[in-house]
Amino acid sequence: MDQNIAFLELKYGNIYGGYPNFYAISEVAFLLYEPQTNRIFLETWLNEIDVDIVNVYSKTNELGNTIGKVREVMNMRTHRKRPYDEEFNLSEEDLDKAFFKLRPTRRPMKFFMNKMFKKYRFRELVTFDGKRDIFLCEKAQVDFYRMRISDLQKDITAETNYLFSLNKLAKVINYREDYGFLKSNNRDYRLHPIAARQITPRSAAQDAARLLLIHQEYNNNRDDFLMKAALLLNKIEMMKK
């Protein structure tokens, strides 16, 4: 039990037409891996309030290198998406309404996280560039007291002297989803159908799944991981030339 590892990923965005430094959480994914049984448990929480937020994601090439940023507007209740207009601004009245709708969502998000902490036992909570994720959880009064939290991006950066993105590392390990299995260069995990249905493109659940595979390759197949990371960086440099 005390060898279990948990992975946390959030999706969040600014209120469309609102302040650039205020983030609304749209999705939380909590993934637990049991090394003794090789089982994966994945649970997600979705914010289904009728508020439009701005999703920002990286457009990447075949090497996982960012070639642009894409912004889209998504309604958290309907999940409908529409083009982003950088000139759009909410009135103060409409912005107050959005804040009023969002305020009660902190309680169910906190309840979800506390439920995960009680339901599953784990020795470590792994994040990826997770400083803001933890901060947003703490704003919702999620208690991480005496919990060991690690940031895999920081660990890999310290060893490689390069700031890898999750997209690049997914290429390094050859991450893929294949008929109910998560696969990488040296790892292969079966998913329960309920967990598999949660892993959709650009979701927090997919990021948590990628984080698990990267963590396992980095910690259990270190030499192979570092060699393939160096090869990817060489290919990126060659492409630039």
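Residues numbered from 1 in each chain as written. Predicted model: local features only at pLDDT ≥ 70, side-chain atom pairs only at ≥ 80, totals over all residues. Heavy atoms only, no water.

(A) Just the pairing of strand β7 (residues 124–127), in detail. Residues E124 and V126 of β7 are buried on one face, and the alternating residues L125 and T127, pointing to the opposite face, are buried as well. Sheet analysis places β7 next to strand β8 (residues 149–151), joined by three bridges and oriented parallel. Looking across to β8, one finds that T127 is bridged to D151. One crossover worth recording links β7 to the parallel β8 by way of helix α3 (residues 131–139), and it is right-handed. (Buried < 20%, exposed > 50% of the residue type's maximum accessible area, 1.4 Å probe, protein only. Helix = DSSP H or I, 4+ residues; strand = E, 2+ residues; numbered from the N terminus. Pairing = 2+ DSSP bridges. Right-handed = clockwise from strand over helix to strand, strands pointing away.)

(B) Highlighting the pattern of salt bridges. Overall, the coordinates contain twelve salt bridges when judged by the stated rule. The partner of K97 in a salt bridge is E93, with the nearest N and O atoms 3.8 Å apart. You can see K97 and its partner E93 sitting in helix α1 (residues 92–102), four residues apart, about one turn around the helix. By relative accessible area, E93 is classed as exposed at 55%. (Salt bridge = Lys/Arg side-chain N within 4 Å of Asp/Glu carboxyl O.)

(C) Quick look at the sheet that holds strand β10 (residues 181–183). Pairing within the open sheet is antiparallel, and its three strands lie in the order β9-β10-β11. Only two strands of the sheet have a single neighbouring strand rather than two, namely β9 (176–178) and β11 (188–190). Strand-to-strand twist across the sheet, computed as the mean angle between neighbouring axes with direction ignored, equals 25°. Where helix α7 (residues 204–220) meets the sheet, its contacts fall on β9, β10 and β11, and the angle it forms with β10 comes to roughly 50°. (Axes fitted to C-alpha atoms, helices over the stretch in contact; angles between N-to-C directions. Contact = heavy atoms within 4.5 Å.)

(D) Seen up close, the packing of helix α4 (residues 152–160) against α7. Axis separation between α4 and α7 bottoms out at 11 Å; the angle between their running directions is 35°. In this structure, the crossing between α4 and α7 has a hand that is left-handed. Taking contact as the criterion, the partners of L152, D155, I156 and E159 in α4 are, on α7, L211, I214, H215 and Y218. Its residues placed into classes, the contact of α4 with α7 shows five nonpolar, one polar and two charged. (Left-handed = near helix turned anticlockwise from the far one by under 90°. Nonpolar A, V, L, I, M, F, W, Y, C, P; charged D, E, K, R; others polar.)

(E) Just α3, in detail. Within the span of α3, buried status applies to D133, I134, L136 and C137. Mapping the buried residues of α3 onto a view down its axis gives an arc of 165°, with all of them on the same face. If you follow the buried residues of α3, they end up packed against β1 (5–15), β2 (23–34), α2 (106–119), β7 and β8. Two residues or fewer past α3, Q141 is found with a positive phi of approximately 70°. (Arc of directions from axis to C-beta.)

(F) Looking closely at the nonpolar core. Judged by nonpolar contacts, the single largest core of 38 residues is most densely connected at L182 and L212. When contributions to this core are tallied by element, the ones reaching two or more residues are β1, β2, β3 (39–46), α4, α5 (166–172), α7 and α8 (222–240). A per-element tally of this core places α7 first, with nine residues. Residues A6, I25, Y120 and I134 belong to the second largest nonpolar core, which totals 22 residues. (Core = buried A, V, L, I, M, F, W, Y, C linked by side-chain atoms within 4.5 Å.)

(G) Seen up close, unusual backbone geometry. One non-glycine residue, H79, lies in the positive phi region at around 65°. The residue H79 is located in the loop between β5 (66–75) and β6 (81–83) in this model. Despite not being glycine, R146 shows a phi value in the positive range, around 60°. By relative accessible area, R146 is classed as exposed at 76%.

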